[in-house]
Amino acid sequence: MNKFAFVDCTTVDEALGQLGDGATVKAGGIDLLDLMKDEIVSPSKLVNIRNVESLRGITSGKDGLHLGPLSTLSEIANHPEIQKSYTALADAAGHAATPQVRNMATLGGNIMQRPRCWYFRSNDFNCKKKSGSSDDCHAHAGENQYHAIMNNGTCAMVHPSSAAVPLIAMNAQVELTSKRGKRTVATSDFYVPPEKDLLNETVVQPGELITGIFVPAPELGTRSAYQKYGEKESFDWPLADAGVVLVMDGARCRKASIVLGVAAPTPIRSTSAEAILTGKTIDESTARAAASAAMQGATPLSQNGFKMQLFQTAIYRTVLLAAGQMPRDPSSIG
Ligand SMILES: Cc1cc2nc3c(=O)[nH]c(=O)nc-3n(C[C@H](O)[C@H](O)[C@H](O)COP(=O)(O)OP(=O)(O)OC[C@H]3O[C@@H](n4cnc5c(N)ncnc54)[C@H](O)[C@@H]3O)c2cc1C
Ligand code: SF4
């Protein structure tokens, strides 16, 4: 690991003043320290924001849910109002990683974590994404069982954030603050595909800090669910996860929002699956049709065709769970 300066900040202004020239924000430090130990990133200065009190706190009001970026995954998972009215978010936070990691991991850091692609994480490989140039994507011809099954032509990484999946399904917004002022970005526009920017996964610019995440209040009749499937019961990222938000009118679905995590380099909404459910009664057959529509156009790689079936199961079960027609699937993980 390189030598670096460590600056403890207690206000947003202080943190903004320290950013720039090789400095990196440190929240819980779980992903950042891994990347530094593996020498994938070598910041000259860590700007520690964990003691910035104004970035903490969860408040739920009539307009919606205001989350400080330092809210931990445990705090989100255990918050009674989030469990009741923003269930998919509580479930995604509560089934990420492990209890110890969830106690330390912050929401801001979670949505900003870097790709899990093993070629990206290994110092022995350079690749298109790391160099930003025309180097190879080793996943295309190499070990690709955990990689993207959609939009994978340029770089086949998947974005690992579980929390981003329900946040996008719930039309959440991210507040970004820099010395130039504040701007608000819809979570649906927060992630940038590799075709647009090879080096960065999000729209966050150098010198910008996530200072808030806002989830609009759910419409009357809204129900949501999230499920995650993977190789291990715990201590692991998903191989397939789905977030579903339904606005129900009795058994009929008035609006649907379906987001897939780890299917593509960014979390993606499946508008074709949503179209299948909208205006219909939710039952096993509509849920199955939506799951199969979501896989249209998928381009699995040599070793990850199994993710097609896994995603269809995840979507089918998460739709039924959101509609209140199935208990949480005990074979999902977390
Ligand atoms: C064994 C294991 C299993 C895991 N499983 C899952 C899983 O299933 N699902 C899942 O989603 N995650 C999983 N994780 C990842 C974990 O949740 C993330 O590493 C963690 O949430 C990162 O949060 P942090 O606060 O530690 O961020 P840090 O490591 O401090 O920061 C991560 C990145 O975010 C940037 N950053 C942090 N806060 C801000 C801010 N406010 N503004 C701007 N930039 C910021 C940092 O500069 C850095 O680039 C797992 C981790 C482990 C170790
Ligand atoms: S998937 Fe992306 S990060 Fe992984 S080797 Fe290919 S270009 Fe690099």
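The following paragraphs examine the structure supplied in this document.

About the thresholds
- Residues numbered from 1 in each chain as written.
- Chains lettered and ligands numbered in written order.
- Predicted model: local features only at pLDDT ≥ 70, side-chain atom pairs only at ≥ 80, totals over all residues.
- Heavy atoms only, no water.
- Helix = DSSP H or I, 4+ residues; strand = E, 2+ residues; numbered from the N terminus.
- Rg over C-alpha atoms; globule rule 2.2 N^0.38 Å.
- Contact = heavy atoms within 4.5 Å.
- Areas by Shrake-Rupley, 256 points an atom, 1.4 Å probe, with all protein chains shown as cover.
- Lys, Arg positive; Asp, Glu negative; His and termini not counted.
- Charge placed at Lys NZ, Arg CZ, Asp CG, Glu CD.
- Core = buried A, V, L, I, M, F, W, Y, C linked by side-chain atoms within 4.5 Å.
- Buried < 20%, exposed > 50% of the residue type's maximum accessible area, 1.4 Å probe, protein only.
- Near = heavy atom within 4 Å.
- 1 Å grid on protein atoms, 1.4 Å probe; cavity = no way out; pocket = protein on both sides within 12 Å on 5 of 7 lines; lining within 4 Å.
- Sits in = over half its atoms within 2 Å of the grid points.
- Nonpolar A, V, L, I, M, F, W, Y, C, P; charged D, E, K, R; others polar.
- Pairing = 2+ DSSP bridges.
- Axes fitted to C-alpha atoms, helices over the stretch in contact; angles between N-to-C directions.
- Right-handed = clockwise from strand over helix to strand, strands pointing away.
- Parallel < 35°, antiparallel > 145°, perpendicular 65-115°, else oblique.
- Left-handed = near helix turned anticlockwise from the far one by under 90°.
- Polar contact = N/O pair within 3.5 Å; in protein donor to acceptor, adjacent residues only side chain to side chain.

## Quick word on the overall build of the protein chain
Step number 1: Counting secondary structure elements, the protein chain contains 14 helices and 12 strands.
Step number 2: At 19 Å, the protein chain has a C-alpha radius of gyration in line with the 20 Å of a compact globule built from 334 residues.
Step number 3: Across its three principal directions, the C-alpha atoms of the protein chain cover 60 × 50 × 35 Å.
Step number 4: If you take every contact in the protein chain between residues at least 6 apart in sequence, the share linking residues at least 24 apart comes to 65%.
Step number 5: In the form shown here, the protein chain has an accessible surface area of approximately 14,300 Å², with 51% of it arising from carbon and sulfur atoms.
Step number 6: Taken as two groups, the 32 positive and 33 negative side-chain charges of the protein chain have centres that lie 3 Å from each other.

## Comments concerning the nonpolar core
Step number 1: Ranked by size, the top nonpolar core spans 38 residues in total, and within it Met150, Leu246, Leu260, Leu277, Ile282 and Ile315 carry the most contacts.
Step number 2: Looking at this core, the elements that each hand over two or more residues are β9 (222-229), β10 (240-249), β11 (252-261), α12 (271-277), α13 (284-294) and α14 (306-322).
Step number 3: Looking at this core, the element that brings in the most residues is α14, giving 8 residues.
Step number 4: Not counting residues up to four positions away in its chain, the partners in contact with Leu277 are Leu246, Cys253, Ala256, Ile258, Ile282, Thr286, Ala287, Ala290 and Val319.
Step number 5: Of all hydrophobic cores here, the second largest spans 37 residues; its members include Ala77, Leu89, Ile111 and Ala172.

## Thoughts on the site of ligand 2
Step number 1: Among the 13 residues in the neighbourhood of ligand 2, the closest are listed as Cys117, Cys127, Cys137, Cys155 and Ala156.
Step number 2: One can see that ligand 2 is located within the largest cavity.
Step number 3: For the shell around ligand 2, the secondary structure elements donating two or more residues are α8 (118-121), α9 (128-131) and α10 (138-141).
Step number 4: In the shell around ligand 2, the residues fall into 9 nonpolar, 2 polar and 2 charged.

## Regarding the sheet that holds β11
Step number 1: Spatially, β9-β10-β11-β12 is the arrangement adopted by the 4 strands of the open sheet, whose pairing is antiparallel. Lying at the two open borders of the sheet, with one neighbouring strand each, are β9 and β12 (268-269).
Step number 2: Running at roughly 150° to β9, α14 makes contact with β9, β10 and β11 of the sheet.

## Comments concerning the pairing of strand β2 (residues 23-26)
In summary, the side chains of a regular strand alternate between the two faces of the sheet.
Step number 1: Sheet analysis places β2 next to strand β3 (residues 45-48), joined by 4 bridges and oriented parallel. Bridging from a neighbouring strand, Lys26 pairs with Asn48 of β3.
Step number 2: The handedness of the β2 to β3 crossover, carried by helix α2 (residues 30-37), is right-handed.

## Re the packing of α13 against α14
Step number 1: Relative to each other, α13 and α14 sit at 140°, their axes nearing to 8 Å. Put simply, α13 runs oblique to α14. Crossing angle aside, the handedness with which α13 passes α14 is right-handed. Taken together, the residues of α14 that come into contact with α13 (itself represented by Glu284, Ala287, Arg288, Ala291, Ser292 and Ala294) are Gln312, Ile315, Tyr316, Val319 and Leu320.
Step number 2: Residues of the contact of α13 with α14, tallied by class, amount to 7 nonpolar, 2 polar and 2 charged.

## Observations concerning the site of ligand 1
Step number 1: Lining the immediate environment of ligand 1, one finds 31 residues, of which Val25, Gly29, Thr106, Ser162 and Lys228 sit closest.
Step number 2: Within the backbone of Ile30, one N or O atom sits 2.8 Å away from an oxygen atom of ligand 1.
Step number 3: Within the contact set of ligand 1, an oxygen atom lies 2.9 Å away from a backbone nitrogen or oxygen of Asp31.
Step number 4: Bound to the protein, ligand 1 loses 94% of the 990 Å² it would expose on its own.
Step number 5: Elements with a minimum of two residues in the shell around ligand 1: β2, α2, α7 (107-112) and β8 (209-216).
Step number 6: Considering every element that reaches the shell around ligand 1, the biggest residue donor is α7, with 4 residues.

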